[in-house]
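For reference, the chains in residue letters:
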Amino acid sequence: YATYDTAACGGENEAGELLSGGSGKQTVVVLGSGPIRIGQGIEFDYASVHCVRALKKMGYEVAIINNNPETVSTDFDTADRLYFEPVCPEDVLNVIALERPLGVVTAFGGGTAIKLARHLGRLNVPIIGTSADGIDMAEDRERFDALLQELDIKRPKGSAVMTCDEALAAARSLGYPVLLRPSYVLGGQNMIIAFGDEDVLEYMEIILRLNQDNPVLIDQYVSGIEIEVDAICDGEDILIPGIMEHIERTGIHSGDSISVYPAIHVDDVFAQEVLQTTKRLCLASKALGLVNLQYISREGELYIIEMNPRASRTVPYLSKVTGVPMCELATRVSLGEKLSDLGYGAGLYKLPPYTAVKVPVFSFEKLTDVDTQLGPEMKSTGEVLGLGKNLEEALYKGLVAAGYKMFKRGGVFITVRDGDKAEVADIAKKFAALGFSLYATAGTAAVLKKAGLAVKTVGKISENASDNTMTLLESGKVVYILSTSAKGRDPARDDVKIRRKACLLGIPCLTSLDTAGAVADSLMSRYSEISTELVDINGMRSERMRLPFVKMQGCGNDYIYIDCFDREINSPESLSIFLSDRHYGVGGDGIVLICPSDTADAKMRIFNLDGSEAQMCGNAVRCVAKYLYDNGIVPKQRLTVETRSGVKELLLTVRDNRVYRVTVDMGRAELTPAKVPVALDGDRVVDRLTEVAGGTYRITCVSMGNPHCVVFVEDESGLELSELGPKFEFDKLFPDRVNTEFVRVVDEHTLKMRVWERGSGETMACGTGACASAVAAVLGGYAKKGEDIRVVMNGGELIVNYTDQRVWMTGAAEKVFEGIVEV
């Protein structure tokens, strides 16, 4: 600490005493970002701390100036000296006069620090990294426009204005909508999209009241895909660790957008154009260290939005995903080292085997009367990182971590501005396909009905006091809201009231079509909190894993089998979703891991299409036995396999030294309701008339390692299982969900069966389901105990023999193919 004007007043200076001895090292001052606030947060503290660590590693003594006690940069052991002072000219200059540093680093403290560069430059204070003139070249509209014109780089047309009249003339000349923002903007502060003269007049009146020293920038609003780049420039070459793409199109601040890496719509040719454009800009502006650039991709053309010669909020995110220590490299090149000597080289860094998303976090419930609609002014208070094998998995993880409630059913209320109505039907169709009920205001409802969707029209607040949008939200029927409006600054408007009400009720409110589409896609992907891979951020794969597998089937019940005797699978739940998709993966009803066992010849773990782990599968256990015998792992015709429902004994029939048929001792049929489980009373549930799935059915409940509900019907082929199956699976009678068999009795030795399996939907066959059906047929008087019963399914047939002691099941097991998949 020090008292103000120490030299003149004779006060104390604690730092002066520390500096009197001298360490013999050169000193560097690092500017922090000051108090955390919307638009500037912990990401700049991350950057500052890594800069300090790099400088200390290089042998410098480091002093940091920051006045936020909540951050790591102000920990006592981060820098050699901490000056807990405001990051403003007077206080910073006092410290510089005392420290007499080699230079000052402004690039890692966000907009707060970078704004001081011009003031420091005027006083000839050495700046480490991009000079004050280079920073001004990027921030000053006229100078930046001149640079772009010189380099022949496209940008949205725009101009700089100082008065209301100039602003109106510029906006009319460019054509609405236009983007208005101050120079040296931080976090999109005071940025708007103006749709008419009244918006421009309102904006300029507010801005001029603030006595702006710099001009207001007015840009033509160009709609397209927004691309973001963080580059490191050493004065001769650049390194781009990654090119990111925003889910939301232009018009929403980059800090409020969901960023995806690697970029979805950037191919190799376009990536090279981004690289070369970025390099030309960095070298022409004499940038040194970190530079953040934002581009628009529209109809194959590249436009630049802005260039920030400093660290950005995506630097921590990209550093973790790529493994490139961006802050350390930027610090080193700012002090004269070259990329070519630092082990990472120049150009585009190699793509990782993961997809990563940055999802913003909002705190609207704590910000009274703030409209939740997103726009060019940043409103998020943080972000999370989601990592996955593909976009769907990464996006699901990111959305859940950011606080989104991933509801699978309920209602969606939709009300959008006229400009969004052409696209809203496609998003509504996704929610409808997932089983959501649709509600909409009159104009939006008309669009959805024209698209063939069933939707209930809801009146505005002013139209009906007892049945309107507000009463709908309060009813609990709605779990998502999609609300967009052309204007959102007037808290008296209906759409603003709806969004604030949603915030108070905790209903997720999506204010961008692109965000809503991403949420719908994530819900459709089948990923859940139990089926996403846990990625060790400190032990990420550098290349895709090559995973050998065998695909096998029994009665059309096909699974992907992975030998785990010599390998370990990190997240089989996630792998099942990734591989089992029949259009984007290998295709199957799930995956099966064949593992060592302490109690049997081998252990089987089986995972459904939704990633949930099953107790047992009769068709899969036969294929496991075939794999063990055919590959010489267990060369005997009577063997045992451990499952989650116990150890099963198997008898193998071999032809030409290959297993072609297997008989399985499935154990005793469990009929006690609590052990099935089913929430019904009595000793057993056999042919009992019961209300289930919204109707009344005669059901028999049996556990064969998995819970089963058997329903006898006159015609199984005509049933709409896609509608009926989920109703049974998720009925409150079945606490662990249930497999449901719809069975027709052909004769006393033959059953026809269709099955809906929990976690997988309708499948070609189900071994435990066939056993449960045979047990139910015997108990119902349709077949005889101790005799073979043929159960015919869509994928083939099984022979089941039910006795009081055990159930025997016999069927084929076949290998379909084997191969290697990259994960």
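For clarity, every value in this text was computed on a predicted model and none was experimentally measured. Counting restarts for each chain: residues are numbered from 1 in the order of the written sequence. In keeping with the predicted nature of the model, local features appear solely for residues at pLDDT of at least 70, side-chain atom pairs appear and are counted solely at 80 or more, and the whole-chain, interface and lining totals rest on all residues. Side-chain calculation: all heavy atoms of the structure are included, whereas hydrogens and water are not.

Thoughts on the side chain of aspartate 589
- Only DSSP runs of H or I reaching four residues or more are called helices, and only runs of E reaching two or more are called strands; each is numbered from the N terminus. Mapped onto the secondary structure, aspartate 589 falls in the loop between α20 (572-580) and β25 (591-595).
- Burial classes follow relative accessibility: with a 1.4 Å probe on protein chains only, a residue under 20% of its type's maximum area counts as buried, one over 50% as exposed, and anything between as partly exposed. Accessibility expressed as a relative area gives 5% for aspartate 589, which makes it buried.
- In protein, a polar contact means a hydrogen-donor-capable atom and an acceptor-capable atom, both N or O and within 3.5 Å, with residues adjacent in sequence counting only if both atoms are side-chain atoms; elsewhere, any N or O pair within 3.5 Å suffices. Here the side chain of aspartate 589 touches asparagine 557 through a polar contact of 2.7 Å, side chain to side chain.

Some thoughts on the packing of helix α8 (residues 141-151) against helix α11 (residues 268-284)
- Structural elements are reduced to axes, namely lines fitted to C-alpha atoms, with helices fitted over the stretch in contact, and the angle between N-to-C directions of any two is expressed from 0 to 180 degrees. Contact geometry of α8 with α11 gives a least axis separation of 11 Å together with a crossing angle of 125 degrees. By the angle class used here, α8 and α11 are oblique. Here α8 and α11 pass one another in a crossing that is right-handed. Taking contact as the criterion, the partners of Phe144, Leu147, Leu148 and Leu151 in α8 are, on α11, Arg280, Leu281 and Ala284. Orientation categories follow fixed angle ranges, with anything under 35 degrees roughly parallel, anything over 145 roughly antiparallel, 65 to 115 roughly perpendicular, and all other angles oblique. Note on convention: the crossing is left-handed when the near helix lies turned anticlockwise from the far helix by less than a right angle, right-handed when the turn is clockwise. We call two residues in contact whenever any of their non-hydrogen atoms come within 4.5 Å of each other.

Focus on the sheet that holds strand β6 (residues 158-161)
- For two strands to be treated as a pair, DSSP must find at least two bridges joining them. Strand order in the open sheet made by the four strands is β6-β9-β7-β8, with antiparallel pairing throughout. One side of each edge strand has no neighbouring strand; the edge strands of this open sheet are β6 and β8 (192-194). Going across the sheet, the axis of each strand differs from the next one's by a mean of 25 degrees, ignoring polarity.
- Examined bridge by bridge, β6 and strand β9 (residues 216-220) share four bridges and lie antiparallel to one another. Counted as the bridge partner of serine 159 is isoleucine 218 from β9.
- Where α8 meets the sheet, it contacts β6, β7 (178-182) and β9, and its direction lies at approximately 155 degrees from that of β6.
- Lying on the sheet, helix α10 (residues 197-209) is in contact with β6, β7, β8 and β9; it crosses β7 at an angle near 0 degrees.

Let's talk about the pattern of salt bridges
- Criterion for a salt bridge: a side-chain nitrogen of Lys or Arg within 4 Å of a carboxyl oxygen of Asp or Glu. Under the defined criterion, the tally for this structure stands at 43 salt bridges.
- Two residues, aspartate 804 and lysine 785, come together in a salt bridge whose shortest N-O distance is 2.6 Å. Here aspartate 804, found in the loop between β38 (796-802) and β39 (807-812), pairs with lysine 785, found in the loop between α23 (767-779) and β37 (788-793); they are 19 residues apart in sequence, far enough to count as distant.
- Several salt bridges converge on common partners, so that one network encompasses Lys57, Glu328, Arg332 and Glu337.

Some thoughts on the packing of aromatic side chains
- Between 30 and 60 degrees the pair is tilted, below 30 it is stacked and above 60 it is edge-to-face, where a pair is any two Phe, Tyr or Trp rings, Trp via its six-membered ring, whose centres lie within 6.5 Å. Evaluation of the coordinates by the stated rule reveals nine aromatic pairs.
- Residues phenylalanine 431 and phenylalanine 436 carry aromatic rings whose centres are separated by 5.5 Å and whose planes lie at 80 degrees to one another, so their mutual orientation is edge-to-face. Of the two residues, phenylalanine 431 and phenylalanine 436, both sit in the buried class.
- Residues phenylalanine 712 and tyrosine 782 carry aromatic rings whose centres are separated by 4.7 Å and whose planes lie at 50 degrees to one another, so their mutual orientation is tilted. With phenylalanine 712 in strand β33 (residues 707-712) and tyrosine 782 in the loop between α23 and β37, this pair connects stretches of sequence that are 70 residues apart.
- The partly exposed category is assigned to tyrosine 782, whose relative accessible area is 33%.
- What links up through ring pairs into an aromatic cluster is the set Phe407, Phe431, Phe436 and Tyr480.

Observations concerning the side chain of glutamate 245
- Its location among the elements puts glutamate 245 in strand β11 (residues 238-246).
- Only four residue types enter the charge count, namely Lys and Arg as positive and Asp and Glu as negative; His and the chain termini do not. It turns out glutamate 245 is buried and unbridged, and the closest side chain with the opposite charge, arginine 249, is 11 Å from it.
- At a separation of 2.9 Å, a polar atom in the side chain of glutamate 245 contacts the main-chain amide nitrogen of isoleucine 264.
- With sequence-adjacent residues up to four places away left out, glutamate 245 is seen in contact with Ile225, Glu226, Ile258, Ser259, Val260, Ala263, Ile264, His265 and Val266.

As for helix α14 (residues 391-401)
- Of the positions making up α14, those classed as buried are Glu393, Ala394, Leu395, Tyr396, Lys397, Gly398 and Leu399.
- Buried residues along α14 sit against β16 (355-361), β17 (382-388), α19 (513-524) and α20.
- Phi turns positive, to about 100 degrees, at glycine 403, one or two residues after α14.

Let's talk about α11
- Look at α11: 24 Å from first C-alpha to last across 17 residues, which is about the 24 Å you get at 1.5 Å a residue.
- Taken residue by residue, α11 has Phe270, Ala271, Val274, Leu275, Thr277, Thr278, Leu281 and Cys282 as its buried positions.
- Packed against the buried residues of α11 are α8, β10 (225-233), β11, β13 (289-298), β14 (301-308) and β15 (347-348).
- A distance of 3.2 Å separates the backbone nitrogen of valine 269 from a side-chain oxygen at the start of α11, and that oxygen is part of aspartate 267.
- The positive-phi residue at the C-terminal boundary of α11 is lysine 286, with phi of around 60 degrees. Given the number of residues in a helix, its expected span is that number minus one, multiplied by 1.5 Å.

Some thoughts on the pairing of strand β26 (residues 602-607)
- Two strands pair when backbone bridges link them, and β25 and β26 are joined in this way by five bridges, in the antiparallel orientation. Considered in β26, the bridge of leucine 593 is made with arginine 605.
- Turn length for the β26-strand β27 (residues 613-614) hairpin, with the two strands adjacent in sequence and antiparallel, is five residues, and the turn residue glycine 611 shows positive phi of about 90 degrees.

Considering the sheet that holds strand β19 (residues 437-440)
- One open sheet holds the five strands; their spatial order is β20-β19-β18-β21-β22, and the pairing between them is parallel. Every interior strand has two partners, whereas the edge strands, β20 (455-457) and β22 (509-510), have only one.
- Of the strand pairs in this sheet, β19 and β20 are connected by three bridges, and their pairing is parallel. By the bridge assignment, leucine 438 is partnered in β20 with valine 455.
- Helix α18 (residues 494-505) rests against β18 (411-415), β21 (478-483) and β22 of the sheet, and its axis sits at about 145 degrees to β21.
- Most of the contacts of α19 go to β21, to which it runs at about 145 degrees, and overall it touches β21 and β22.

Structural notes on the packing of helix α15 (residues 421-433) against helix α16 (residues 442-450)
- Contact geometry for α15 and α16: axes closest at 9 Å, N-to-C directions at 65 degrees. Crossing of α15 against α16: the hand is right-handed. Between α15 and α16, the contacting residues are Lys421, Val424, Ala425 and Ala428 on the first element and Gly443, Thr444, Val447 and Leu448 on the second.
- Nonpolar residues are Ala, Val, Leu, Ile, Met, Phe, Trp, Tyr, Cys and Pro. Charged residues are Asp, Glu, Lys and Arg, and all others, Gly as well, are polar. Of the residues contributing to the contact of α15 with α16, the split by class is five nonpolar, two polar and one charged.

As for the nonpolar core
- Ranked by internal contacts, the top residues of the largest apolar core, which has 59 residues, are Tyr561, Met604, Leu650 and Val807.
- What we call a nonpolar core is a set of buried Ala, Val, Leu, Ile, Met, Phe, Trp, Tyr and Cys residues that are connected through their side-chain atoms within 4.5 Å. Listed in part, the 55 residues of the second largest apolar core include Val424, Leu523, Phe578 and Phe607.

Regarding unusual backbone geometry
- Cis rather than trans, the peptide bond between tyrosine 261 and proline 262 has omega equal to 0 degrees.
- Within the element layout of this structure, proline 262 appears in the loop between β12 (259-261) and α11.
- A cis geometry characterises the amide bond from valine 676 onward to proline 677, with omega recorded as -5 degrees.
- With respect to the helices and strands, proline 677 occurs in the loop between β30 (658-665) and β31 (688-692).
- Located in the positive-phi region is aspartate 152, a residue other than glycine, with phi close to 60 degrees.
- For aspartate 152, the position within the fold is in the loop between α8 and β6.
- Residue class for aspartate 152 comes out exposed when judged on its relative accessible area of 67%.
- A positive phi angle is found at aspartate 656, which is not glycine, with a value near 55 degrees.
- In this structure, aspartate 656 sits in the loop between β29 (646-655) and β30.
- Of the residues examined, aspartate 656 reaches a relative accessible area of 73% and is grouped as exposed.

Geometry only, nothing functional implied.
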